[in-house]
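Below are the chains, spelled out letter by letter.
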Amino acid sequence: MTTATETTSIETRHVLSDDERPIEQAVLAAIHRLFQNPTGDQRETYDTLIAMTPIADGVTVEGVDRDDVSGWWVRPAGAPADRAILFLHGGAYMLGSAKAYRGMASQVAIRAGVAAFVADYPMAPEHVFPAAHEAAAALRRWLGHQGVSQVALVGDSAGGALALSVLGDTATISPAIAAIAVFSPWLDLAMTGASFTSPDIRDPIFLQPAMLAGLAAAYLAGADPKDGRASPLYAVPEVLPPLLIQVGGNEVLLDDARRYAQAAADKGGEVQLDVFEGLHHVFQNAAKDLPTARRALDAVAAFLSRHWA
């Protein structure tokens with residue numbers, strides 16, 4: 001079990017139990033072994049990691065490749081036709097695929113009882129900024145053309161940033177955004193957060209902040225890292241949908257989450273920030289092994305379910 005202690009009006013800290021610590025260490029060891037013994041090139045190896053999240057029982061999957069849209073529908077039985085989750089995957093704008101992320105999207109969809117569309121989008125270095133942002137905004141509009149009147153945006157890491165960047169697309173009003181839930185979002189490509197340099201942060205995934213600096217440079221291709229379409233921290237809108245952020249307490253991205261959450265709360269938005277001490281970047285992907293990951297996904301589904309109109 002985890003225990004939680006309220007530390008601010010918007011932040012809840014969850015402490016990993018002694019029983020789960022060896023599970024977390026085993027998960028991290030498996031990640032490191034995979035990248036030390038890759039299954040192919042970097043993209044193939046990353047997809048191997050992400051695809052370890054199983055597709056949930058009770059869902060059907062359907063590939064889409066039309067209307068300049070590519071991705072997968074993950075549908076629980078009885079899901080309403082007028083609601084959908086748009087799942088935007090992570091991978092530092094260079095890695096990841098909708099096919100690999102079907103399992104993670106399905107774990108949210110089955111808990112929420114709502115179909116999820118997990119989308120492919122153009123990635124660097126072949127397609128640099130702002131291609132991913134423009135694709136994310138177009139995906140929301142496409143869902144509206146499919147009869148969806150309400151959408152929840154969900155994303156991990158860079159996908160979490162894409163979800164929040166969509167809020168800047170003020171020209172699109174349909175489908176309405178009911179709520180947003182993001183995992184370990186990468187919200188500041190200028191990397192100005194204190195957690196990037198704090199000696200108290202020992203990120204087991206991004207061992208050196210320079211790893212992210214190189215990825216940001218490849219995606220930005222000379223663009224301003226403080227452009228809100230790339231770094232939503234610098235473009236928090238005046239009015240936001242209800243927002244849930246989950247982040248590990250040992251992440252270099254911890255202060256990205258904290259700063260965005262505080263800025264959103266200062267504007268009067270409904271914000272819930274859950275910090276999971278002792279857990280790694282996008283730990284929710286380890287739902288097969290880690291009980292806290294399953295509970296975090298339960299919390300995401302409950303949050304989304306509370307906010308459909």
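In this report, we go over the structure that sits alongside the text. (Residues numbered from 1 in each chain as written. Predicted model: local features only at pLDDT ≥ 70, side-chain atom pairs only at ≥ 80, totals over all residues. Heavy atoms only, no water.)

Description of the nonpolar core
Thought 1: Counting 109 residues, the largest nonpolar core has Phe117, Trp186, Tyr260 and Leu304 as the members making the most contacts within it.
Thought 2: Not counting residues up to four positions away in its chain, the partners in contact with Phe117 are Val64, Val69, Ser70, Gly71, Trp72, Trp73, Ile85, Leu86, Phe87, Leu139, Trp142 and Leu143. (Core = buried A, V, L, I, M, F, W, Y, C linked by side-chain atoms within 4.5 Å. Buried < 20%, exposed > 50% of the residue type's maximum accessible area, 1.4 Å probe, protein only. Contact = heavy atoms within 4.5 Å.)

Regarding the pattern of salt bridges
Thought 1: Within this structure, the stated rule accounts for 14 salt bridges.
Thought 2: Here Glu11 makes a salt bridge to Arg13, at a shortest N to O gap of 3.4 Å.
Thought 3: Since its relative accessible area comes to 6%, Glu11 is described here as buried.
Thought 4: For Arg13, a relative accessible area of 32% gives the class partly exposed.
Thought 5: Residue Glu277 pairs with Arg13 through a salt bridge whose shortest N-O separation is 3.3 Å. Separated by 264 residues along the polypeptide, Glu277 in strand 10 (residues 271-277) and Arg13 in strand 2 (residues 11-15) bring together distant segments of the chain. (Salt bridge = Lys/Arg side-chain N within 4 Å of Asp/Glu carboxyl O. Helix = DSSP H or I, 4+ residues; strand = E, 2+ residues; numbered from the N terminus.)

Here we look at helix 6 (residues 209-220)
Thought 1: Over its twelve residues, helix 6 runs 17 Å from end to end, which matches the ideal 16 Å to within 8%, given 1.5 Å per residue.
Thought 2: Looking only at helix 6, the buried set comprises Leu212, Ala216, Tyr219 and Leu220. On an axial view of helix 6, the arc spanned by its buried residues comes to 90°, and they lie on one face.
Thought 3: At its buried positions, helix 6 is contacted by helix 4 (131-145).
Thought 4: Backbone geometry just downstream of helix 6 places Ala221 in the positive-phi region, at approximately 50°. (Expected span 1.5 Å × (residues − 1). Arc of directions from axis to C-beta.)

Comments concerning the environment of Asp289
Thought 1: By the secondary structure assignment, Asp289 is in the loop between strand 10 and helix 8 (291-306).
Thought 2: Among all residues touching Asp289, those that are not within four sequence positions of it are Ile23, Val27 and Arg294.

Looking at the pairing of strand 10
Thought 1: Of all the seven residues making up strand 10, five are buried; the element is thus mostly covered by neighbouring parts of the structure.
Thought 2: Here strand 2 pairs with strand 10 via five bridges, running parallel. Its bridge partner lying in strand 10, Val15 is registered against Glu277.
Thought 3: For strand 9 (residues 243-248) and strand 10, the ladder comprises six bridges, and the chain directions are parallel. Among the inter-strand pairings, Leu244 is bridged to a residue of strand 10, identified as Gln272.
Thought 4: For the handedness criterion, the β-α-β arrangement of strand 9, helix 7 (residues 254-266) and strand 10 is classed as right-handed. (Pairing = 2+ DSSP bridges. Right-handed = clockwise from strand over helix to strand, strands pointing away.)

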